[in-house]
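Read off the chains here:
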Amino acid sequence: MSKPKVGFYWCASCGGCEESVVDLAEAILDVTAAVDFVFFPVAMDFKRSDVEAMADGAMAACMINGAIRSSEQRAMAKLLRRKAQILIAYGACSHQGGIPGLANLFDRQSILQTVYRDTPSTVNPGDIRPEASTRIPHGEVELPVLDEQVKSLDQVVPVDYYIPGCAPPVQLLKDALAAILTGRLPPKGSVLAPDKALCEQCPRAPSKPDNLLIDQFKRPHLERIDPEKCLLAQGFLCLGPATRGGCGWACINANMPCTGCLGPVSRTRDYGGAAMSALASLVNSNDEAQIAAMLETIVDPAGTFYRYGLPASLLFARAGANADKGGHEP
Amino acid sequence: MSSNVTLPVAKEFEPRIVAFFCNWCTYTAGDLAGAARLAYAPNMRVIRLMCSGRVDPEFVLAALRQGADGVLIGGCHPGDCHYREGNYKCLRRFQLLCKFLRQMGVEEQRVRLEWIAASEGDKVQKIANEMTAQLKLLGPLRLQITPRVNGRPRAAECPPAPTKGVAP
Ligand code: SF4
Ligand code: SF4
Ligand code: FES
């Protein structure tokens, strides 16, 4: 029997998700023994035409990492959706929009202006911008078009499963591969990680008081961090109460607060809203002015509470003059 | 254009306000306003909660997403919360949420927190009218349309918003 075919593709991402595959270390040999990679542009020489030549559903599974923000990425997502029986959103960007999703705080026009005109290192006297197509002596050349907003993969094509994390923890990838190979997969739409908050069973949880109150939110690069005590109890913004567990407390064990890369548990409908609710209620004051002062150290709530998931949030993107449609896509 | 065609008169924008009122003070005040026949702008839809401490930032975000142009949270005055601390928790969450909403381009006047005691029916009237007037000036909240998720309108608990600008 031939081995199941698997693909791995990247869209708007940093390459860290590919790194997590490399982090399989020796286990990668078991993987390649069990499956055939038929598309993996970062590591192997396959072309888009190879995918186009496949029969629909030829791949048992395809994982896509990265957010979707260009015409090319949308087209690849649709193509791979057709060719794969199981499509998996791999990593925080594909799952929730990720760090690239913070671009939804700005509109496309101002992003292009910043990059092609305003940054100090930009030298572009002709104010040249990327064009969808350009005539050159050899003919017409085309470039992908940047979308108005960044989207998660499931906002573009139907997704079967999600492997969360920035980048996904190796154990989650191993478990997912085992589940695919044995066919023991949970209901479609599931996030392939435990559905429990990170705080549950955190090695530092015993030092987290039941009636925790915080006088001052501290910033980790400015203070000493006690390596034993619950980070939240020390005043660091640890998003463990709102975040899904499954990373093995990677950041906590490295003495850094959780920034929420695994996203919410299934009961949450807006990750940042839940995180703000949990954290703000701990502020140790009943006085309006004092509360404001205590919240001052949270300088960028969008970047703090929606760091990995603005596109998947209820508001999706910054409201603005060019957003005259409102509501939902029908 | 021929002169006998009458152009439709643009209807005035009627904002929609979702109000989360605590059962013990503000909702009672709303009842009192009704009993005293204090008429106020019909733009406000009241949702009764046991305490303002129950107002999760997610509720406010969901209301805005589902078509509210503004959200009013009403709770007992400081020191008067039936559950002692609920309104303080609400105040803390509200302040953080507001910081986030500013970043998202949602204007300050759209989301408001007011302490309204059971006896202050007139305050309910005043604030409902005031907020309606302010939102009329601001115009509809223009959120970006949310994409479908997995081919379905986003999250079943958020039905599509009806067309904006219709009279309530
Ligand atoms: S807040 Fe952070 S450090 Fe504290 S128990 Fe939760 S995950 Fe662990
Ligand atoms: S501790 Fe939080 S930020 Fe760090 S890997 Fe785990 S979920 Fe991600
Ligand atoms: S009971 Fe009214 S605010 Fe808590």
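Scroll up to find the structure this text is about.
For clarity, every value in this text was computed on a predicted model and none was experimentally measured. (Residues numbered from 1 in each chain as written. Chains lettered and ligands numbered in written order. Predicted model: local features only at pLDDT ≥ 70, side-chain atom pairs only at ≥ 80, totals over all residues. Heavy atoms only, no water.)

Participant: Requested: an account of the environment of Gly-70 of chain B, with residues and values cited.
Facilitator: All names here are of chain B. With respect to the helices and strands, the residue Gly-70 is situated in strand β3 (residues 70-75). Look at Gly-70 and you get buried, because its relative accessible area is 0%. As a C-alpha pair, Gly-70 and Arg-16 span 54 residues in sequence and 6.5 Å in three-dimensional space. Gly-70 has contacts with Arg-16, Ile-17, Val-18, Arg-110, Met-131 and Leu-135, leaving out every residue within four places of it along the chain. (Helix = DSSP H or I, 4+ residues; strand = E, 2+ residues; numbered from the N terminus. Buried < 20%, exposed > 50% of the residue type's maximum accessible area, 1.4 Å probe, protein only. Contact = heavy atoms within 4.5 Å.)

Participant: Let's hear about the site of ligand 1: which residues, and what values?
Facilitator: Around ligand 1, the neighbouring residues are Leu-198, Cys-199, Cys-202, Ala-205, Cys-230, Leu-231, Leu-232, Cys-238, Gly-240 and Ile-252 of chain A. Tallied by class, residues from the shell around ligand 1 come to nine nonpolar, one polar and no charged. (Near = heavy atom within 4 Å. Nonpolar A, V, L, I, M, F, W, Y, C, P; charged D, E, K, R; others polar.)

Participant: Talk me through the interface of chain A and chain B; I want residue IDs and the actual numbers.
Facilitator: Taken together, the contact between chain A and chain B spans 53 residues of the former and 41 residues of the latter. Between chain A and chain B, roughly 4600 Å² of surface is buried when both sides are summed, and carbon and sulfur atoms account for 58% of that area. On the surface where chain A and chain B come into contact, there are zero salt bridges. Where chain A meets chain B, there are 24 residue pairs in polar contact (both at pLDDT 80 or more). Elements with a contribution of two residues or more to the side of chain A that touches chain B: β8 (146-151), α9 (271-280), α10 (288-295) and α11 (301-305) of chain A. Here the side of chain A that touches chain B takes five residues from α9 of chain A, the largest share from any one element. Looking at the side of chain A that touches chain B residue by residue, the classes come out as 28 nonpolar, 14 polar and eleven charged. (Buried area = accessible area lost by both parts, 1.4 Å probe. Salt bridge = Lys/Arg side-chain N within 4 Å of Asp/Glu carboxyl O. Polar contact = N/O pair within 3.5 Å; in protein donor to acceptor, adjacent residues only side chain to side chain.)

Participant: Which residues make up a nonpolar patch on the surface, and what values do they have?
Facilitator: Taken together, the side chains of Trp-24, Met-50 and Tyr-83 of chain B present a nonpolar region at the surface, about 310 Å² in accessible area. Within the secondary structure layout, Trp-24 of chain B lies in the loop between β1 (17-22) and α1 (26-35). (Patch = residues over 30% accessible without salt bridge, like charges linked within 9 Å, V, L, I, M, F, W, Y side chains within 5 Å. Areas by Shrake-Rupley, 256 points an atom, 1.4 Å probe, with all protein chains shown as cover.)

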